[in-house]
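Structure at a glance
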Amino acid sequence: MASAIYDVSSLLNKMTSTDKDFRYMATNDLMSELQKDTVTLDDDGEKKVVKMILKLLEDNNGEVQNLAVKCLGPLVSKVKEYQVETIVDTLWTNMLSDNEQLRDISSFGLKTVIGELSAGVCKKITARLTSAIAKQEDVSVQQKALDIMANMLLRQGGLLVNFHPSILSCLLPQLTSPRLPVQKRAITALGHLAVSCGKSVFVDLIEHLLSELGRTQNIATTRTYIQCMAAISRQAGHRIGEYLEKIIPLVVKFCKANDDELREYCILAFESFVTKCPKEVYPHIPTVIELCLLYLTYDPNYNYDEDEDDNAMDTEQNDEAYRGSDEEYSDDDDVSWKVRRAAAKCLDGVVSTRHEMLHDFYRSVSPALISRFKEREENVKADVFHAYISLLTQTGKAQKWMGDAPQGDTPLTLLQSQVPMIVNALQKQLKEKGVKTRSCCFNVLTELVKVLPGAVVQHIQVLIPGIVFSLKDKQSSSCNLKMDALACLHGILRYEPASAFHPHISHICKELVPHVVACVGEPYHKIPSEALLVTQQLVIVIRPLDSQCGGSEGFDPSPYIQSLFSCTIKRLRAADIHQEVNERAITCMGQIICNLGDHFATDLPGTLNIFLERLKQDMTRLTTVKALELVASSPLNIDLRPILREAFPILASFLHKERTLKLSTLQALDMLLKKCGSSVMPAMIDAVLAELPPLISENDMNVSQNVLIFLSTLVQTHPSSLAKLSRGNGNILNQLTSLVRSPLLQGAALDAMKDFYRALVCSNTAGLAFKDLMKMLTGPVYQNSAAPLAHKQAYSTIAKCVAALTRACPHELPVVVGQFIKDVKNSRSTEPIRLLTLSSLGEVGHHMDLSGHPEVKTVIIDAFSSPSEEVKLTASNALGLIAVGNLPEYLPFILSEISSQPKRQYLLLHSLRGTIDSASVPHLKPYVESVSSLLLKCCECQDERTRAVVSQCLGKLTLIDPEVVLPKLKGYLLSGSTSTRSSVLYAVKFTISDKPQPIDHVLKNCIGDFLKTLEDPDPSVQRVALLTLTSAAQNKPSLIRELLDSVLPHVYNETKVRKELIREIQVGPYRHYDDNGMDLRKAAFDCLATLLESCQDKLDIFTFLNHIEVGLKDVNNDIKGLTFSMLTRLSSLYPSTVAQRLDKLVEPLQAICTTKQKEGATKQDADKVDQLKRGAMQTVVALLSIPEAKNHPLMSQFQARIQSNRELEAIFDSVQRENSASSSMDTS
């Protein structure tokens, strides 16, 4: 600390130097010192530093003055309050001086320190500011005071509640000031005041504006009041909403006045209402759209040529309404472009906030915007294009919500019908001189092909001249334009099958290839980078690999192929180019060789040698590995022998590098083996095999899977190398055997393992015959039969591999099955052996008919009586799988046993479920009637586990034959049994998946009948109905979208605590309350969370927020957690709407965050409370991201409370750090 004081003292001495550079450097160093947390000043030091900084504000050097102002911010947080008062007093006095430069620098200083001032100092300076504003003696001082007041209200508005009435009183008269700068500053200050002021002040403000608007006859004053309304709406839209019914009719009236500036302000006010008050403005949206469409064409000083756009006849008629005589208007005074720009921006706001009106937009707004692509003012035209891009973006988002909806009159089909009109309008604009216009055109096209892939293929010949015009532009400002043109071209070529371009291929190549080639050679690295992406797509279009290595008939691509190759090889050879260009050149060349390699027989070896060099460089090796895989996969059978001998050891060395490189290398090696196996020498294989053992691990199943795929290929191409799999320290086969016992070996990795064993047993390699591999797989179980495997899943995995071996060697089936039956029957067999043999019987029987072994049935049924639950369940699974191998033999047997053996019903139903899951639909369909009838009789079983299995079986059968099963399920909804109704609903839930199913159209027509059970008198049935609705919303929203209006009220109703479901239990002197409705409420909130993600356009967010408020006050922590996540999501989706409810949201969040631990609470209970506080704090951080929230009075008070509480501040800081870290990761 003493050292710090000494440093500051020495800097103060230097600040008195006559040399301005010394003063500048010393001030800069002081600022750095003040920004350090470790620096503290004593009273004398504070006084000296404050005095010196204030003195430097009057320095004759401007740079020193600016640095002194910057020092004020950190300084006021280091010194005591009386020193802060000294600073503020001095700055205020200087601001009133006659020295204009000192005035300016002092006003900047006051703005700088405002954010750090205490409440006392703020109040003191507020009184001075209101006085200076009201006196109007000096306009310069008044303007600066208004700036400072606006800044203070923005940053410290919540601390000045007592001053808000006086501030309002001094600001309102300034709206009628004759000076425009004063008016504008007063409007800004009133906007910030509206955010933090109390209810009475806000009402006074709005009522004053409404009364003045209602009686004023002065156009200039009306403009000011309209601007003020718009500013309040932008800053505090959550508060002005309730007054829109009075405001909007006035704005509509003034919008029709004969004053262009007033029209502009009115339309901008509409834009702020639309974006900030979405619910309240909804009834007025048609009026707003009508006015915007009217003024979008308002151009009285210009006569558009009607022949220029055949689709603009209607809008031209609107132009006629505004055309006056040439004497009345002047180009110099024409501000009508501002009106048109405001209309375009307002339409942009409407389109961006009203997702549910997309159909209407495509019928009215879209044609109008397209017709205005011809706009003469470039700035207006840019806003028109931006509005149309917003429409396309919203269409893309809506398509995600309605992705599985049936086709018809959807936004996409309407857009498709307008594509010719869009292209016709854009192709004319693409020839304009304005760079901004052409760039906007490319942005529209790029978004169009994203939303509607293939939309412009039929129009490509019309668009090519415009694209070429921009690609050959020689202006210095055209770099970004070229990049936009190339990105657009890349999107067009990428989002459509190559064959679609073949009718136009000759024209595409003739017109585009020379200019794309020229762009590849451009010096600015971003242009060749984009051009290489286009080149790659052009290669695919010229000769797609799925066309038997041929292109379009009658088209000779040779001239273009050579130029594409030449420009790419030039970039590939350059060693000093930008990294991105280097990588894309490698990828592009890989595509060229893959698709066109037979055209470069002489150039191929040299090109491959460049690849080899890039393979040795750290920066390009990953890209080169991927390019080599692409080349190797070519159906042209490219000769890679020139580089194989040297490349293989390099590739092998990559297998102990970073994960991404490992995966790409394994895939490349596999492809090289498949296509160049005869050229791969044993020594090359040995180098790879030496690196494989460490990669075979459950720690990374994706890598292990790729190793297995490589080994399966190796078995087929190099069987002579198989003997080396069991040699050396890292025995590969031993590693694989260990991996088989891992519980993580599932899915694609397990399939790869089975393929490997199948290939291995078929290779007829000595020491790796069927018996050897069986012993290798089952040996660990038989040799240590007393010790069970670490994971139960391992028995099933081993059994699947045993079945793969048996299927590959069908002649071994009798021996294998006989041995397994013998082991199951053997009384000395341990539980692990029984688990393995039963699992193996099931897996073998799944794929091979075991009806020739009649003992199988007896063995399985006897196992149902085992004392071990694991053995019984394994036998049940085995019976279900065995039945798949011969349904006529085993399925009737299972059904008979279900009917006659009630004690074994659960296990037999479990078997039946396995059969239904695994059997093919054609084989199972004849049995649906009998099986479903039996299952429906089991719905009334008292065992909940049994009913769950019955529901799953019925759900699967419904997918197989909905015409048979669905009517039965609907009939059982009328059952008097609660268990039956619940089981039927569960069955419907199991029919809903995230993939298209034949049942979808049938289910959509009747799912409403099943959801009527939301009104069922039994809470357990209601809960299942909610789970079914949640499943539909999550997996297939189109099933329930049209039903939400009738269904949502029931869902909302179940978010409330139902007192009739709460039971009071007396335990001695204590009372315990058992809430039987808690699970129902959880299901309701879970359903709401799902609907928010999948059907948000169907939700009334204000009503939705009402129930979020209810959830925040629920006693259940899980429900609170769901509301936290929903509220966080809503804060980003609908910030303005959430801002309107802050009054009701902050209070419960504050109560949760300030919850105290109970005395004697267990660690588990303490952790739950901490977790709940953290969740609430994450929600608070999300709310603070809303601009209006920061100055909200309750939120400001809550923030102050957080900062005054160490525990809460620590949680708050931790959450903020986590959010920053996750944001940076998302960005990267």
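It should be noted that the structure appears before, not after, this text.
Since the structure is predicted, the reported quantities are computational estimates derived from the model, not experimental observations.

Topic: the layout of surface pockets
For the largest pocket, the calculated volume is near 830 Å³. Sorting the residues of the lining of the largest pocket by element identifies α15 (278–281), α18 (336–353), α21 (378–401), α55 (1101–1112), α56 (1117–1133) and α57 (1135–1139) as the ones contributing at least two each.

Looking at the packing of helix α58 (residues 1142–1153) against helix α60 (residues 1193–1204)
At a minimum axis separation of 9 Å, α58 and α60 run at an interaxial angle of 20 degrees. What the angle tells us is that α58 and α60 run roughly parallel. For the pair α58 and α60, the sense of crossing is left-handed. Contact residues: α58 offers L1142, D1143, V1146, L1149, Q1150 and C1153, while α60 offers L1194, M1195, F1198 and R1201.

Notes on the packing of aromatic side chains
Under the criterion given, the structure shown has 6 aromatic pairs. Ring geometry for F373 versus F385: centroids 4.7 Å apart, planes at 40 degrees, classification tilted. One end of the pair, F373, is in the loop between α20 (365–371) and α21; the other, F385, is in helix α21, with 12 residues separating them in the sequence. With centroids separated by 5.7 Å and ring planes inclined at 85 degrees, the aromatic side chains of F373 and Y388 adopt a geometry described as edge-to-face. Of this pair, F373 sits in the loop between α20 and α21 while Y388 sits in helix α21; the two residues are 15 residues apart in sequence, bridging distant segments of the chain. Side by side, F373 and Y388 carry an identical accessibility label, which is buried. Taken together, F373, F385 and Y388 form an aromatic cluster joined through their ring pairs. Positioned over the ring face of F202 is R239, at 4.6 Å from the centre of the ring.

Section: helix α47 (residues 928–937)
All of the buried residues in α47 are V928, V931, S932, L934, L935 and L936. Each element contacted by the buried residues of α47 is listed here: α44 (887–900), α45 (905–918), α46 (921–924), α48 (944–960) and α49 (962–972).

Some points on the pattern of salt bridges
Here the structure, examined in full by the defined rule, presents 54 salt bridges. Note that R354 and E356 form a salt bridge whose closest N and O atoms lie 3.0 Å from each other. What emerges from the salt-bridge pattern is a single network uniting D299, R340, R372, E375 and R376.

Digging into the side chain of T958
Along the chain, the position of T958 falls in helix α48. Residue T958 is classed as buried on the basis of its relative accessible area of 0%. Among the polar contacts made by the side chain of T958, one reaches the main-chain carbonyl oxygen of L954 at a distance of 2.6 Å. With residues near it in sequence (within four places) discarded, T958 still touches V965, L966, L969, T991 and I999.

About the criteria used
By convention here, each chain's residues receive numbers from 1 onward along its written sequence. Given that the model is predicted, a residue must reach a pLDDT of at least 70 before its local features are reported, and side-chain atom pairs must reach 80 or more before they are shown or counted; all residues, however, enter totals for whole chains, interfaces and linings. Computation of side-chain values: all heavy atoms of the structure, hydrogens and water removed. Cavity means a closed set of points on a 1 Å grid over the protein atoms alone, one where a 1.4 Å probe fits but cannot get out, pocket means an open set with protein on both sides within 12 Å along at least 5 of 7 lines, and lining means a residue has an atom within 4 Å of a point. Grid points are joined across faces, edges and corners, and a volume is the space filled by probe spheres set on the points. Counting from the N terminus, the helices are the DSSP runs of H or I reaching at least four residues and the strands are the DSSP runs of E reaching at least two. An axis is simply a line fitted to the C-alpha atoms; with a helix, the fit covers only the stretch in contact. Between two such axes, the angle follows the N-to-C directions and lies from 0 to 180 degrees. An angle counts as roughly parallel when it lies under 35 degrees, as roughly antiparallel when it exceeds 145, as roughly perpendicular when it falls between 65 and 115, and as oblique in every other case. Each crossing gets its hand from how the near helix is turned against the far one by less than a right angle, where anticlockwise is left-handed and clockwise is right-handed. Contact between two residues is taken to exist if any of their heavy atoms lie within 4.5 Å; hydrogens are not considered. When two rings of Phe, Tyr or Trp (its six-membered ring) have centres within 6.5 Å they constitute a pair, described as stacked for plane angles under 30 degrees, edge-to-face for angles over 60, and tilted for the intermediate range. The cut-offs for exposure are 20% and 50% of the maximum accessible area for each residue type, with area from a 1.4 Å probe on protein chains only; residues under the lower value are buried, those over the upper are exposed, and the others partly exposed. For a Lys NZ or an Arg CZ to count as sitting over a ring, it must be within 6 Å of the ring centre and within 35 degrees of the ring normal. By salt bridge we mean one thing: a side-chain nitrogen of Lys or Arg within 4 Å of a carboxyl oxygen of Asp or Glu. Any N or O atom pair separated by 3.5 Å or less is treated as a polar contact, with the protein-specific requirement of one donor-capable and one acceptor-capable atom, and with residues adjacent in sequence counted only for side-chain atom pairs.

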